[in-house]
Amino acid sequence: MRILIDADGCPVTGLTVRIADEYNIKVIIVSDTSHIFNFENADIITVGKGVNSADLALANIVVENDLVITQDYGLSAIVLSKKGIVINQNGLIINEKNIDSLLATRHISMKARMSKKHLKGPSKRTNQQNINFEKSLRLSLIHISEPTRLG
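Sequence order sets the numbering: in each chain, residues are counted from 1 along the sequence as written. Predicted model: local features are reported for residues with pLDDT of at least 70 only, side-chain atom pairs are reported and counted for 80 or more only, and whole-chain, interface and lining totals are derived from all residues. Hydrogens and water are ignored here; the side-chain numbers use all heavy atoms of the structure.

Can you help me understand unusual backbone geometry in this one?
Leave glycine aside and you will find that most residues have negative phi; peptide bonds, for their part, are mostly trans. The phi dihedral of Asn-24 is positive, around 55 degrees, even though this residue is not glycine. Numbering of helices and strands runs from the N terminus, with a helix taken as a DSSP run of H or I at least four residues long and a strand as a DSSP run of E at least two residues long. Considering the arrangement of structural elements, one finds Asn-24 in the loop between helix H1 (13-23) and strand S2 (26-32). The phi angle at Lys-83 is positive, at roughly 65 degrees, despite the residue not being glycine. By the element assignment, Lys-83 lies in the loop between helix H3 (73-81) and strand S5 (85-87). Here the term buried applies to any residue with accessible area under 20% of the maximum for its type, exposed to any over 50%, and partly exposed to those in between, with areas from a 1.4 Å probe on protein chains only. You can call Lys-83 exposed: its relative accessible area is 55%.

Here it is, written out as structure tokens:
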């Protein structure tokens, strides 16, 4: 099991690496050239700039039971199809029960943007979102390493 981070615009990269160290889990950070990361205890894959270039690189290396941190629902669907685990940066565990509605919402938002409708951007990140993310990540790591404990 590894943790893969879709690090383009990911506000919890450092937090994820720190927690992964506690559990002795390998971390792979994937981003394009517009981001620079320097973590001694993580592998870093840098890809060229381009629409979805980091997402596609991550999709190509994810395997069953990898845990992926991403806010991209298209990538989430690919990870789920490969039997991976997905958490977004706010702690939402993305799974087969909620991916369809998340993809539908994504599609509606994309159509609104294409028709030049003004959409409200994301609000400022809160400390509670970091707390929620950390709880979901730790719960997932415990569940993966000791499935009988929660199941």
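When you look at the side chain of Ser-53 in this model, what are you seeing that I'm missing?
Here Ser-53 shows up in helix H2 (residues 53-61). In this analysis, two residues are considered to be in contact whenever any of their non-hydrogen atoms come within 4.5 Å of each other. Residues in contact with Ser-53, not counting those within four places in the same chain, are Asp-32, Val-47 and Gly-48.

How should I be thinking about H3 in this particular structure?
Within H3 the residues assigned to the buried category are Gly-74, Leu-75, Ser-76, Val-79 and Leu-80. Near the N-terminus of H3, the side chain that reaches the backbone nitrogen of Gly-74, with its oxygen 2.9 Å away, is that of Asp-72. Taken from the residues just after H3, Lys-83 is the one with a positive phi, measuring 65 degrees. For this analysis, a polar contact is any N or O atom pair within 3.5 Å, provided that within protein one partner can donate a hydrogen and the other can accept it, and provided that sequence-adjacent residues contribute only side-chain to side-chain pairs.

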